[in-house]
Amino acid sequence: MALPDWSTIRALKSAPLQQLFDADPGRVAALSVDVAGIHFDWSKTHLTAEAVQAFTALAESMGLAAKRDSLFAGAAINVTEGRAAEHSAERGEGAPESVARARGFHSRMRALIDAIEAEALGPVRHILHIGIGGSALGPDLLVDALGRDADRYDVAVVSNVDGLALDEALDRFDPQATIIAVASKTFTTTETMLNADSALAWLEGNGVEDPYGRVIALTAAPEKAIEWGVDETRVLPFGESVGGRYSLWSSIGFPAALALGWDAFEEMLEGAAEMDRHFRLTPLEKNAPALAAFADLYYTQARGCETRGVFAYDERLRLLPSYLQQLEMESNGKRVTADGQPVEWPTAPITWGGVGTDAQHAVFQLLHQGTRLVPVEFVGVIEPGDSQADAHHNQLLLNMFAQGAALMAGKAHDDLARAYPGDRPSSTLLLDTLDPRTLGALLAFYEQRTFVNAVLLGINPFDQFGVELGKEMARAAAQGGDFDASTTDLIARAFP
């Protein structure tokens, strides 16, 4: 396979951001894109027309167009595991047979939701969703972002095997009015199955006659769920070719579809499909996922940046940085190429972030005056989601805009402790409103951006073998395996 040649990227001249603005009155228009109710602005990054041209040439040399076509055609683009990556088919953009299968699974999910709404499982008020990783982060984000005003059901998402997490959720719920969604692609995930067993014991201990009758299984291994005890009518499958961190569009999104309503779930799928079409059909110089990846790669490959900060200036998107951590670092945190050769260039940066304006009073000191260059991404929403006076939302957005301006402009001062170097990059994503359609488009944008990064890095974003070793050693520890002296001592202290 082709390997990326970074020489042209690394040789790009790096003028200060203010000079780039002074030299080009059309810079904002050239480096902005509007799609699916979202305005993207990369003008305060060091991207230039020359840089975009260089990255476009790199994309051509790495076969981005062909790999993008393969992704949507359902080809086995996950080469290390020999299968496709068909999350886009879940929202209607993919191979016809895969789209048809996804729609069939969605119809099955809707039928079960209709039955629950009709109280076929008895009066239901609470949904306990148990999963981990992609089986929890996506549904948690959707419900938290869109379901704050919903009064249909109470939803708790439990991922941590720490019993305190399960206690906190169960203490809120009436067992007689609770259903449990167990989300696991393989239906063997250790943490998930332990939490599920404990939740079943809670139902039984509180007088629920048929605990298994209150369980919905969300899985790509339906036979495992049936073997565990879930009736086939309450198993919601999804395709093996849908990766865990890309799975919120499938039956993994069940708690969101139930809590928000089916119409909202379908709107989310359509918003994502609109972004998919934009990604497939738009030239790279105006392609939102591609331009975002170009900026990402400029800072990792040419400027040596090791992290990327994401700050959501909207409380409803407080879980977005956590969601992106898994999407980006599990996908592209690799050290081998797609054909198994050692990588000799940086791959994914560390994704981190928080919520504005809280983060301004915590971590922005480093962003403004620290010695490390950190590209920053701001995400905001024009239409407020609160019922307070306009001053709240106005100040929120003005703070976001001001932070980007301050990072770029800096401020000179005779006292170096009070000086700001400036020339620090940021991008801004500004949503018209936060609704199912725009959130779907936003999350699809991040998925496709991750894919472009991977193609240009020459790696496979769809496997995650790096998470397995720790799991294996945890199982070995439970069985009394031999470890280094430090680990052996720690185990002895915890389990005397």
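Summary of the structure given here.

1. Some words on the packing of helix α6 (residues 96-117) against helix α12 (residues 262-281)
Next, step 1: Two elements in contact, α6 and α12, have axes separated by 11 Å at closest approach and are oriented at 160°. By the angle between their axes, α6 is roughly antiparallel relative to α12. Along this stretch, α6 crosses α12, giving a crossing that reads as right-handed. When α6 is examined against α12, the residues His106, Met109, Arg110 and Ile113 are found in contact with a partner set consisting of Trp262, Phe265 and Leu269.
Next, step 2: Of the residues assigned to the contact of α6 with α12, the class counts are 5 nonpolar, 1 polar and 1 charged.

2. A few points about the packing of aromatic side chains
Next, step 1: Following the criterion strictly, the structure yields 16 aromatic pairs and no others.
Next, step 2: When the ring of Phe72 is compared with that of Phe279, the centres are 6.3 Å apart and the planes differ by 45°; the resulting orientation is tilted. A residue pair is termed long-range when its members are at least 10 positions apart, and Phe72 in helix α5 (residues 64-73) and Phe279 in helix α12 qualify at 207 residues. Just as Phe72 is buried, Phe279 falls in that class too.
Next, step 3: Where Tyr298 meets Tyr299, the ring centres are 5.0 Å apart and the plane angle is 80°; that geometry is what we call edge-to-face. You'll find Tyr298 and Tyr299 in the same group, each marked buried.

3. Looking at the nonpolar core
Next, step 1: Counting 103 residues, the largest nonpolar core has Trp42 and Phe254 as the members making the most contacts within it.
Next, step 2: By residue number, the principal contributor to this core is helix α17 (residues 436-457), which donates 13 residues.
Next, step 3: Core analysis: the second largest hydrophobic core is formed by 24 residues, Ala156, Ala169, Leu200 and Trp228 among them.

4. Examining the side chain of Asn332
Next, step 1: Structurally, the position occupied by Asn332 is in helix α14 (residues 320-332).
Next, step 2: On the basis of relative accessible area, Asn332 is assigned to the buried category, the value being 4%.
Next, step 3: Other than its neighbours up to four places away in sequence, Asn332 contacts Thr347, Ala348, Thr450, Asn453, Ala454, Ile459 and Pro461.

5. A word on the packing of helix α7 (residues 134-146) against α17
Next, step 1: Put simply, α7 and α17 touch, their axes get as near as 11 Å, and they point 145° apart. By crossing handedness, the relation of α7 to α17 is classed as right-handed. Where α7 abuts α17, its residues Leu141, Leu142, Ala145 and Leu146 lie against Pro436, Leu439 and Leu443.
Next, step 2: For the contact of α7 with α17, the class distribution of residues is 7 nonpolar, no polar and no charged.

6. What to know about the sheet that holds strand β3 (residues 126-130)
Next, step 1: Reading across the sheet, the 5 strands line up as β4-β3-β5-β6-β7 and stay open at both edges, with parallel pairing between neighbours. Where the open sheet ends on each side, the last strands, each with one partner, are β4 (154-158) and β7 (235-237). On average, adjacent strands in this sheet sit at an angle of 20° to one another, irrespective of strand direction.
Next, step 2: Sheet topology note: the strand β5 (residues 178-183)/strand β6 (residues 215-219) ladder contains 4 bridges and is parallel. Bridge pairing links Ile180 to Val215 in β6.
Next, step 3: Its contacts with the sheet put helix α8 (residues 163-170) on β3 and β4, and the angle it makes with β4 is roughly 175°.
Next, step 4: Strand contacts of helix α9 (residues 190-205): β3, β4, β5 and β6, with the helix running at about 165° to β5, the strand carrying the most contacts.

7. Details of a negative patch on the surface
Next, step 1: There is a patch of like negative charges on the surface, built from Asp162, Asp167, Glu168 and Asp171.
Next, step 2: Looking at where Glu168 falls in the secondary structure, it is placed in helix α8.
Next, step 3: Assessed through its relative accessible area of 59%, Glu168 is described here as exposed.

8. A short note on the pairing of β5
Next, step 1: Burial of β5 is extensive: 6 of the 6 residues sit out of reach of the surface.
Next, step 2: In terms of strand pairing, β3 meets β5 through 5 bridges, oriented parallel. Directly across from His129, in β5, lies its bridge partner Ala181.
Next, step 3: On the question of chirality, the crossover connecting β5 to the parallel β6 by way of α9 is right-handed.

9. Thoughts on the side chain of Ser426
Next, step 1: By secondary structure assignment, the location of Ser426 is in strand β11 (residues 426-431).
Next, step 2: Residue Ser426 is classed as buried on the basis of its relative accessible area of 1%.
Next, step 3: Beyond its immediate stretch of four places on either side in the chain, Ser426 contacts Lys44, Thr45, Val376, Phe378, Gly404 and Leu407.

10. Quick notes on the pattern of salt bridges
Next, step 1: Per the counting criterion, the structure on display carries 25 salt bridges.
Next, step 2: Notably, a salt bridge pairs Glu330 with Arg245, separated by 3.0 Å at the nearest N-O pair. Here Arg245 lies in the loop between β7 and α11 (254-260) and Glu330 lies in helix α14, a separation of 85 residues in the sequence.
Next, step 3: On the basis of relative accessible area, Glu330 is assigned to the partly exposed category, the value being 21%.
Next, step 4: When its relative accessible area of 4% is taken as the criterion, Arg245 is described as buried.
Next, step 5: Asp415 is the salt-bridge partner of Arg418, the closest N and O atoms lying 2.4 Å from each other.
Next, step 6: With a relative accessible area of 28%, Asp415 lands in the partly exposed category.

11. Some points on α5
Next, step 1: Among the residues of α5, Leu64, Arg68, Leu71 and Phe72 are the ones counted as buried. All buried residues of α5 fall inside an arc of 90° around its axis, so they share one side.
Next, step 2: Those residues of α5 hidden inside the fold are in contact with α4 (49-61), α12 and α17.
Next, step 3: Phi turns positive, to about 80°, at Gly74, one or two residues after α5.

Parameters and conventions
- Residues numbered from 1 in each chain as written.
- Predicted model: local features only at pLDDT ≥ 70, side-chain atom pairs only at ≥ 80, totals over all residues.
- Heavy atoms only, no water.
- Axes fitted to C-alpha atoms, helices over the stretch in contact; angles between N-to-C directions.
- Helix = DSSP H or I, 4+ residues; strand = E, 2+ residues; numbered from the N terminus.
- Parallel < 35°, antiparallel > 145°, perpendicular 65-115°, else oblique.
- Left-handed = near helix turned anticlockwise from the far one by under 90°.
- Contact = heavy atoms within 4.5 Å.
- Nonpolar A, V, L, I, M, F, W, Y, C, P; charged D, E, K, R; others polar.
- Phe/Tyr/Trp six-rings, centres within 6.5 Å; stacked < 30°, edge-to-face > 60°.
- Buried < 20%, exposed > 50% of the residue type's maximum accessible area, 1.4 Å probe, protein only.
- Core = buried A, V, L, I, M, F, W, Y, C linked by side-chain atoms within 4.5 Å.
- Pairing = 2+ DSSP bridges.
- Patch = residues over 30% accessible without salt bridge, like charges linked within 9 Å, V, L, I, M, F, W, Y side chains within 5 Å.
- Areas by Shrake-Rupley, 256 points an atom, 1.4 Å probe, with all protein chains shown as cover.
- Salt bridge = Lys/Arg side-chain N within 4 Å of Asp/Glu carboxyl O.
- Lys, Arg positive; Asp, Glu negative; His and termini not counted.
- Charge placed at Lys NZ, Arg CZ, Asp CG, Glu CD.
- Right-handed = clockwise from strand over helix to strand, strands pointing away.
- Arc of directions from axis to C-beta.

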